[in-house]
Amino acid sequence: MSNAYLTYAAKRLGQAVVVILLAYVFTFVVVSILPGDPITSVLRNPQNGFSEEEIAEIIAAQGLDKPVIIQLWNSLTGFLTGDLGMSMRSNRPVSTLISEVLPSTLILASVGLAVALILAIVVAYGTRFLPKRYGQGLLRGFPSLFLSVPNFVIGLVLIHLFGFQLGIFRVINPDSFWATLFAAIALGIPISAQIAEVLIANLDKEAEQEYAAVARSRGLGQARLFAKHLLKPASLPVVTVIALTIGELLGGSLITETVFGRTGIGSLVQRSVSTQDLPVLQAIVSLGAVIFVLVNLVADLLYPLLDPRVKILGGQKRRPTTADEPSIGSTKAVTS
Amino acid sequence: MTFASNLTLSASTRNSWAEALRMPAIVALSFVVVATIIAWSVAPQLFTTYSPVIGVPADKLLGPSTAHWFGTDHLGRDLYARVVYGTASSVSSALVAVVIGVLAGGFIGLLAGFLGGWVDVVLARLVDVLLSIPKFLLAVIVVTAIGFETINAAIATGVSAVAIFARVTRAEVIKTRQATFVEAAFLSGGSRWYILWRHVLPNASRSVLPLAVLQFGESILVIASLAFLGYGDPPPASDWGLLISIGKDYLKWPWLVYAPAFITILTVLSVNRISRWLRKTD
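The name an unreviewed UniProt entry gives chain B is ABC transporter permease, with Aliirhizobium smilacinae as the organism. What the UniProt record of chain B gives under Sequence similarities (unreviewed entry) is the line "Belongs to the binding-protein-dependent transport system permease family." Under Subcellular location (unreviewed entry), UniProt gives the following word-for-word description of chain B: "Cell membrane".

With an unreviewed UniProt entry as reference, chain A is termed ABC transporter permease, source organism Aliirhizobium smilacinae. UniProt's Sequence similarities (unreviewed entry) comment on chain A is quoted here verbatim: "Belongs to the binding-protein-dependent transport system permease family."

Here is the structure:
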């Protein structure tokens, strides 16, 4: 644990805290610059049946009669102390609403991520070692194809094929094992395309390194070469990519939950959008930012520890993130 | 030597313009797809005689046939006509999103990269904040804030793309600023703004173009997702995402989902392929 690393870690941590706070403020500003006055228009909507006294009570309870800057201050200090405020529609704390649906989304997202990783590794392995006539080229097209497919379409195709035609799961029961698995596959495929893209590029680079040629000349089989030598260095930059796809995982679960009819954070967002329940939206978006920033912080802090080739220079670190950026300390490509 | 050049010459005369522009066949095909999509959005009435709004109830939920290429929907409307007429809105909203992303992001990146100092620090934090909010959630709250319409979905998508354009433009501007010819322009007495306009901007914009094309494809997907969730224009509009969303309630007649999805995927694939080609030829 060198001094440079600790400086870097402290600086990175400070940055993360600032970004989270600013993201909260940003969301607050977006949510409160709503043109017109949706808050009272929602409350006064005859369908909701609030009396004038109740409306006044809600407005006072939410602090909506105070100037915006004071609302922001109250909301921000509440956020920092873990108080996310009250929902405007159901008169329940936002944190309760969120914690009710969070487990379902966490299951979906983590299974989705697992599917994405497995699929990406299988595809990447195939592009290296599958014989040409068995569709290596097709596999290489996998990332670009699935980056072009809207993820609700993947969900609908899965429901149509496996739910309707083959009858493996029933849409009416979205929390069953198979329905969850297929929802996770729908969520995972676009993400695996992103991971596979980077993994394939890195594998191509690693396979040209001298150590790979040495291993091959020692008579190592392809599967062992892949698992023992190529996968580790090629997947290190993938750590960063995975951290970046967390945002996509959260956004994608919104759509996947709608397609598969699951209850979760996504359906809560949907409901809050249609009822303009701003405190709930504010809380979910800020939590999304918190998760995203924290995951990326962890990835950035772990990276120099995982990859000894990365050097920290004066609090700034360099890492072989993308394929076109040569990694530090890597050997030159073998020219034949 | 002469033999080789003769060979390429005869090949180029045979393969006409694709060879002249020196692009792979698949890229040429992508351009054909994009040209068709543009034609659909400019003059949809030339491509179909059916109405996208008024259907023939007796012909409802027919499968694809020569009369109805993509079949008909639950109101007996020709789905191909609906897709063709929905193109203009789907494509132009993606264009709006890209323009917003390029202009706002480019402006931020240009200022940050060219002025440096505290401006750079402040703008870099702003970009970090924009990047920290999951893109789709950001688009959802922006569209919630400004109202459910396709144009607002486009604006929301554009806002969620600002950060990435700001980053790329900033990096390019910094790279160009350090070039010798920019230094020479400074030394020969060019003003900051003249150099920015005359030298830095054109050079920086070169690598923004492939990204803008890529973002166009991405925007089609995001706007389709927003339309799918019902945050775009309501029916009888026929945006691609909305068509798929309506089709999902009729999964027994799967072409209602597959046909508009196919057109969406084909368009985005073509756009992405063109972007990759642009990046390589740069």
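Student: Teacher, can you tell me more about the confidence of the model for chain A here?
Tutor: If pLDDT is low for a region, its predicted coordinates should not be looked at in detail. Residue and element names in this part refer to chain A. Overall, the prediction assigns chain A a mean pLDDT of 77, with 82% of residues at 70 or greater. At the level of individual helices and strands, chain A shows its lowest average pLDDT in strand S2 (residues 316-317), which scores 47, and its highest in helix H5 (residues 94-129), which scores 87. The model gives residues 314-336 a pLDDT under 50, and that stretch makes 45 contacts with residues more than four places away or in other chains.

Student: Is there a simple way to explain the side chain of Gln 270 of chain A in this structure?
Tutor: Here Gln 270 of chain A is to be found in helix H12 (residues 265-274). Overall, the relative accessible area of 18% leaves Gln 270 of chain A in the buried class. Here Gln 270 of chain A is in contact with Leu 254 and Thr 258 of chain A together with Leu 229 and Tyr 231 of chain B, once residues within four sequence places are set aside.

Student: Before we go on, may I ask you to explain the interface of chain A and chain B in this structure?
Tutor: Frequently, the measure chosen for interface size is the accessible area that the parts lose on association. Counting residues at the interface gives 42 residues for chain A and 39 residues for chain B. Viewed at the interface, chain B and chain A are joined by three residue pairs in polar contact (both at pLDDT 80 or more). Counting only elements with at least two residues in the side of chain A that touches chain B, the list comes to helix H1 (3-32), helix H7 (142-146), helix H8 (151-165), helix H11 (222-260), H12 and helix H13 (278-306) of chain A.

Student: Could you clarify how one ought to interpret the nonpolar core in this entry?
Tutor: As a rule of thumb, soluble globular proteins bury nonpolar side chains together. Within the largest apolar cluster, 114 residues are counted, with the highest numbers of intra-cluster contacts made by Val 269 of chain A together with Leu 226 of chain B. Tallying contributions element by element places helix H9 (residues 177-207) of chain A first for this core, with 16 residues. In this view, Val 269 of chain A contacts Leu 254, Leu 281 and Ile 284 of chain A together with Leu 137 and Val 140 of chain B; residues no more than four positions away in its chain are not counted. Listed in part, the 33 residues of the second largest apolar core include Val 98, Ile 220, Val 268 and Ile 274 of chain B.

Student: So what exactly am I meant to see when it comes to the UniProt feature "transmembrane region" (unreviewed entry) in chain A here?
Tutor: Per the UniProt entry, the sites bearing "transmembrane region" (unreviewed entry) are residues 12-34, 101-125, 145-172, 178-200, 234-260 and 280-303 of chain A in this numbering. The span residues 178-200 of chain A carries 100% helix and 0% strand; its end-to-end C-alpha distance comes to 30 Å.

Student: Please explain the packing of helix H6 (residues 135-146) of chain B against helix H7 (residues 150-177) of chain B as it appears in this structure.
Tutor: Helices that pack against each other are described as a pair by the angle of their axes relative to one another and the distance between those axes. All names here are of chain B. One way to put it is that H6 packs onto H7 with a least axis distance of 8 Å and a crossing angle of 140 degrees. By the criterion of interaxial angle, the relationship of H6 to H7 is oblique. Crossing of H6 over H7 shows right-handed handedness. For the pair formed by H6 and H7, the contact residues are Lys 135, Leu 138, Ala 139, Val 142, Val 143 and Ile 146 on the first element and Asn 152, Ala 153, Ile 155, Ala 156, Val 159 and Ser 160 on the second. Along the lines of polarity and charge, the residues of the contact of H6 with H7 split into nine nonpolar, two polar and one charged.

What counts and how
- Residues numbered from 1 in each chain as written.
- Chains lettered and ligands numbered in written order.
- Predicted model: local features only at pLDDT ≥ 70, side-chain atom pairs only at ≥ 80, totals over all residues.
- Heavy atoms only, no water.
- UniProt positions renumbered as here; feature names shortened; annotations may be inferred.
- pLDDT = per-residue confidence, 0-100.
- Helix = DSSP H or I, 4+ residues; strand = E, 2+ residues; numbered from the N terminus.
- Contact = heavy atoms within 4.5 Å.
- Buried < 20%, exposed > 50% of the residue type's maximum accessible area, 1.4 Å probe, protein only.
- Polar contact = N/O pair within 3.5 Å; in protein donor to acceptor, adjacent residues only side chain to side chain.
- Core = buried A, V, L, I, M, F, W, Y, C linked by side-chain atoms within 4.5 Å.
- Axes fitted to C-alpha atoms, helices over the stretch in contact; angles between N-to-C directions.
- Parallel < 35°, antiparallel > 145°, perpendicular 65-115°, else oblique.
- Left-handed = near helix turned anticlockwise from the far one by under 90°.
- Nonpolar A, V, L, I, M, F, W, Y, C, P; charged D, E, K, R; others polar.

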